[in-house]
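The lines below spell out each chain.
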Amino acid sequence: MRAARYYDQKDIRIEDIERPTPGADDVLIDIAWCGICGSDLHEYLDGPIFVPGKGNPHPISGEEVPITLGHEFSGTVAEVGANVSDLEVGQHVVVEPYIIHEEYWGKENYHLTPDQNFIGLAGMGGGLAEQISVNRHWVHPIPDNIALDEAALIEPLAVAYHAFERSGAKEGDVALIGGAGPIGLLTAAVAKAHGVTTIMSELSKKRIETAKDTGVADHVVNPAEQDVVQEVMRITDNKGADVGFEATSVDVVLNTLFSAVKKAGVIVNESIWGHKPQADLVQLVTKEQDLRGTIGYHFSHEPSIKLVSEGKVNLKPFITHKIGLDDLIDKGFDTLINHNDTAVKILVSPTGKGLEE
């Protein structure tokens, strides 16, 4: 089968590899769609980060470069192992793409356990391939009212859901989201679904339009045209935002959050940084703010699926492009790196099916 394989910085190759064979506890999945994630872009530009480099195999997967990429994906069950009795061939599913020591599966903070990593970054197959075999534990069925292309966004939605949980935000609060990329937009969607007023800061015209058109942002501020802090203070009667979300890995955005979030407020960092930020921690200290990290998800897929199934979050408007595997770099990575004002979420069809839609 064909797959996108990561070798090194700016070295991703479309190659033929062997198809996976499911074990007794596994589910073989025909991949329908796989999203290109910001983490994939960081690996391409600055990596290897999560990807295990040459001579440094991951302790659980045992794999090192080359690695099949892709961790935001949906698909159809093609085959189930002998011990799998609760899924059927043809059923639509998504995957919680963790690589975690089995002794921690389903336990408290399983996402923070030693050697934790991700399918599609540290081995065990990936969504940028025609098929993948995954242990049943990590496979989540999706209801019929969620289309497979939308389902490919369940994984980043789960990231947003967990980040929202980390913030402690509640109905009636005001949230400032720095960056209207996929994670920022989905964070706003989750916040809106929970009754939080959302303010988004974004430069990209396309992403500003998406934030407005989807309704996930109650207010959108373009920092090239307006002072973000002043606008937040105006909207909140000079109180400041209750919570802030950093979703850009841009220093000035993080520092803007320190200024715009209220005293004793909470700031959640969602970004995977490719550099050490110049952070204005004086404000963090003098305002007694909490700066919280967040990684991945923790029992977040099921409630995320429920939000979509119940119509509280609409994922379709965030899908701006669909491409084939051969166009991964030229129409996928290049677009998101050099022309990100034209795209939000780009989905890849490893088999080419669905591109005529």
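Look up: the structure comes first, before these words.
Residues numbered from 1 in each chain as written. Predicted model: local features only at pLDDT ≥ 70, side-chain atom pairs only at ≥ 80, totals over all residues. Heavy atoms only, no water.

(A) Structural context of the pattern of salt bridges. Evaluated as defined, the whole model comprises 18 salt bridges. Its salt-bridge partner being Arg2, residue Asp326 comes within 2.3 Å of it at the nearest N-O pair. Placement of the pair is Asp326 in the loop between strand 17 (319-324) and helix 10 (328-338) and Arg2 in strand 1 (residues 2-8), with a sequence separation of 324 residues. The exposed category is assigned to Asp326, whose relative accessible area is 56%. The class of Arg2 is partly exposed, set by a relative accessible area of 27%. (Salt bridge = Lys/Arg side-chain N within 4 Å of Asp/Glu carboxyl O. Helix = DSSP H or I, 4+ residues; strand = E, 2+ residues; numbered from the N terminus. Buried < 20%, exposed > 50% of the residue type's maximum accessible area, 1.4 Å probe, protein only.)

(B) Local environment of the packing of helix 6 (residues 228-235) against helix 7 (residues 251-260). Contact geometry of helix 6 with helix 7 gives a least axis separation of 9 Å together with a crossing angle of 35°. The handedness of the crossing between helix 6 and helix 7 is right-handed. Side by side, helix 6 and helix 7 meet where Val228, Val229, Val232 and Met233 of the first sit next to Thr256, Ser259 and Ala260 of the second. Tallied by class, the residues present in the contact of helix 6 with helix 7 amount to five nonpolar, two polar and no charged. (Axes fitted to C-alpha atoms, helices over the stretch in contact; angles between N-to-C directions. Left-handed = near helix turned anticlockwise from the far one by under 90°. Contact = heavy atoms within 4.5 Å. Nonpolar A, V, L, I, M, F, W, Y, C, P; charged D, E, K, R; others polar.)

(C) Structural view of the pairing of strand 14 (residues 241-246). Counting buried positions over the six residues of strand 14 gives six, a clear majority of the element. Bridging between strand 14 and strand 15 (residues 261-269) involves five bridges; their strand directions are parallel. In the sheet register, Phe245 faces strand 15, and the bridge partner there is Val268. Chirality of the crossover, the property in question, places the unit of strand 14, helix 7 and strand 15 among those that are right-handed. (Pairing = 2+ DSSP bridges. Right-handed = clockwise from strand over helix to strand, strands pointing away.)

(D) Layout of the packing of aromatic side chains. By the definition in use, this model includes ten aromatic pairs. Between the aromatic rings of Tyr44 and Phe333, the centroid separation amounts to 5.1 Å while the plane-to-plane angle is 70°, which identifies the pairing as edge-to-face. With Tyr44 in helix 1 (residues 38-46) and Phe333 in helix 10, the pair connects residues that are 289 residues apart, well separated along the chain. When its relative accessible area of 12% is taken as the criterion, Tyr44 is described as buried. A relative accessible area of 1% places Phe333 in the buried class. (Phe/Tyr/Trp six-rings, centres within 6.5 Å; stacked < 30°, edge-to-face > 60°.)

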